[in-house]
Amino acid sequence: MKTVVIIPNYNGKHFLEKCMQALERQSTKDFSILFVDNASSDGSIPVIKEYIEKEPERIFLLENKENYGFAKAVNQGILYAKEHGADYALLLNNDTEVDPRFVENLVRFMAEKEAKGEKIFALSSKMVKMHDERLMDDAGDELCLLGFPFQRGLEDRVENWNKTEKVFSACAGAALYSISALDKTGLFDEKHFAYLEDVDISFRAQLYGYSIYYCPSAICKHVGSGTSGGKYSDFKVELSARNSIFLLYKNFPFLLKIVNFLPFLLGFLIKALYFQKKGYGKAYRRGIMRGLKERKGMKKADFRGIPLSRYIALEWRLLKNCFVYLSERNRRRQVRV
């Protein structure tokens, strides 16, 4: 089929019913579903096989012998989709519940943009809080010059995020990717394991001249950190810190690393103080040290042929995003007060 919905799963049995019921209610049936299971031990596999028995021509399963992480699981799904002639890979977390027109609206938007000759890499959906549908979870992701990736719209009112616009990165928890564009950018970096791999691949797409859009008509309820067990943990903080080093090391050419060294350093110091206050200081520092130690084994973006104007536009965007990031944090702080 034209679209393959790829659902990575690791001990997500308790999420599968809602996720699958929403996919069964879709306004279009022109998609197949592929589960990629990372050696779940919670009884997920029998549940998934029950769905396959009901629709063996549309629902499939790849079983891994160990937990390879999010990045490798979705890469396996993308390769499966490509081998079966699909145009699009729709990555979907298991802790989601999508609107009935979710798939249809994403595919239509992508097709319309491509028909106009625009180079589209991915579409980010309108992700709202599962526990409170009045609040946003993610409206696409951005990156600022301090090295901070951040979610647009987090905890804001949903009615404030109905505008279609370009974003820096799609959130891979519920996003549509062009398989032909993935041929150009390469797949997700499996050394990330999980966290920031979507910002990393979107960074490469931006460097190579692709556009990424936020599609507000594709609505998706999201639990958030359903697999990792919460907003913060030693595992998540350490891995995210390590991957933040990878992100900057791989995607900035040497000259821009020098130019941006002080903002990067300031950003890491701010994060270190923040996580120290939250009780995750050691985990954050371990992650940074791992990132610095392991970065040399990472494959960098291909900087050949990228025009200077694109770098200038990127720098300007990341600088402006520092003010956007501060504005978003201030908004959330005022709401909590």
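Thresholds applied
Residues numbered from 1 in each chain as written. Predicted model: local features only at pLDDT ≥ 70, side-chain atom pairs only at ≥ 80, totals over all residues. Heavy atoms only, no water. Helix = DSSP H or I, 4+ residues; strand = E, 2+ residues; numbered from the N terminus. Buried < 20%, exposed > 50% of the residue type's maximum accessible area, 1.4 Å probe, protein only. Core = buried A, V, L, I, M, F, W, Y, C linked by side-chain atoms within 4.5 Å. Phe/Tyr/Trp six-rings, centres within 6.5 Å; stacked < 30°, edge-to-face > 60°. Axes fitted to C-alpha atoms, helices over the stretch in contact; angles between N-to-C directions. Left-handed = near helix turned anticlockwise from the far one by under 90°. Contact = heavy atoms within 4.5 Å. Nonpolar A, V, L, I, M, F, W, Y, C, P; charged D, E, K, R; others polar. Salt bridge = Lys/Arg side-chain N within 4 Å of Asp/Glu carboxyl O. Expected span 1.5 Å × (residues − 1).

Colleague: What is the right way to read unusual backbone geometry from this model?
Modeller: Most peptide bonds take the trans form, and the phi angle of most residues other than glycine is negative. With a phi angle near 50°, N11 is a residue other than glycine that sits in the positive phi range. By the element assignment, N11 lies in the loop between β1 (3-9) and α1 (13-24). We classify N11 as partly exposed; its relative accessible area is 22%. For E155, which is not glycine, the phi torsion reads 70° and is therefore positive. Looking at where E155 falls in the secondary structure, it is placed in the loop between β9 (149-151) and β10 (165-166). On the accessibility criterion, E155 (26% relative accessible area) is partly exposed.

Colleague: How should I be thinking about the nonpolar core in this particular structure?
Modeller: Buried together is how nonpolar side chains tend to be arranged in soluble globular proteins. Counting 61 residues, the largest nonpolar core has F121, Y177, F188, F203 and L207 as the members making the most contacts within it. No other element matches the 7 residues that helix α3 (residues 69-83) contributes to this core. One finds A22, F35, M110 and C220 within the second-largest nonpolar core, a separate group that totals 35 residues.

Colleague: Where do I start with the packing of aromatic side chains in this structure?
Modeller: We describe a pair of aromatic rings using the distance from one ring centre to the other and the angle between the two ring planes. Counted by the stated rule, this structure contains 17 aromatic pairs. On the basis of an interplanar angle of 80° and a centroid distance of 5.2 Å, the ring pair of F203 and F252 is categorised as edge-to-face. Of this pair, F203 sits in helix α6 (residues 197-207) while F252 sits in the loop between α7 (234-251) and α8 (254-259), and the two are 49 residues apart along the sequence. On the basis of relative accessible area, F252 is assigned to the buried category, the value being 1%. Ring centres of Y232 and F275 lie 5.6 Å apart, and the angle between their planes is 90°; on these two criteria the pair is classed as edge-to-face. Residue Y232 is found in the loop between β12 (211-222) and α7, and its partner F275 is found in helix α9 (residues 261-278); the two are separated by 43 residues along the sequence.

Colleague: Hey, could you run me through the packing of α7 against helix α10 (residues 281-294) in this one?
Modeller: Packed helices, taken two at a time, are described by their axes: the angle between them and the distance between them. As a packed pair, α7 and α10 sit with axes 7 Å apart at the nearest point and diverge in direction by 35°. Of the two possible hands of crossing, α7 and α10 adopt the one that is right-handed. Between α7, through D234, V237, E238, L239, A241, R242, S244, I245 and F246, and α10, the contact on the second element is made entirely by A283, Y284, R286, G287, I288, R290, G291, L292 and E294. When grouped by side-chain class, the residues that make up the contact of α7 with α10 number 9 nonpolar, 3 polar and 6 charged.

Colleague: What exactly am I supposed to notice about the pattern of salt bridges here?
Modeller: Pairs may arise between side chains of opposite charge once their charged atoms sit close together. On inspection of all chains with the given rule, the structure shows 24 salt bridges. Two residues, E118 and K166, come together in a salt bridge whose shortest N-O distance is 3.9 Å. One end of the pair, E118, is in the loop between α4 (102-115) and β6 (120-129); the other, K166, is in strand β10, with 48 residues separating them in the sequence. Since its relative accessible area comes to 24%, E118 is described here as partly exposed. Across the pair R331 and E328 runs a salt bridge, and its minimum N-O distance is 3.0 Å. Here E328 and R331 lie together in helix α11 (residues 308-336), a separation of 3 residues that amounts to about one turn.

Colleague: I keep staring at α6 and nothing clicks. Help me out?
Modeller: Each turn of an α-helix holds 3.6 residues, which means side chains three or four residues apart point in the same direction. For α6, the tally of buried residues reaches 11 of 11 residues, placing the bulk of the element in the interior. Positive phi appears at G209, one or two residues downstream of α6, with a value of about 90°.

Colleague: For this particular structure, what's the right way to read α7?
Modeller: Here α7 is 18 residues long and its end C-alpha atoms lie 26 Å apart, about the 26 Å a rise of 1.5 Å per residue gives. Among the 18 residues that make up α7, 15 are buried, leaving the element largely enclosed by the rest of the structure.

Colleague: Sorry if this is basic, but what is going on with the environment of C322 here?
Modeller: Relative to the assigned elements, C322 resides in helix α11. A relative accessible area of 14% means that C322 is categorised as buried. For C322 and L146, which are 176 residues apart along the polypeptide, the C-alpha to C-alpha distance reads 7.1 Å. For C322, the contacting residues outside a window of four places in its chain are C144, L145 and L146.

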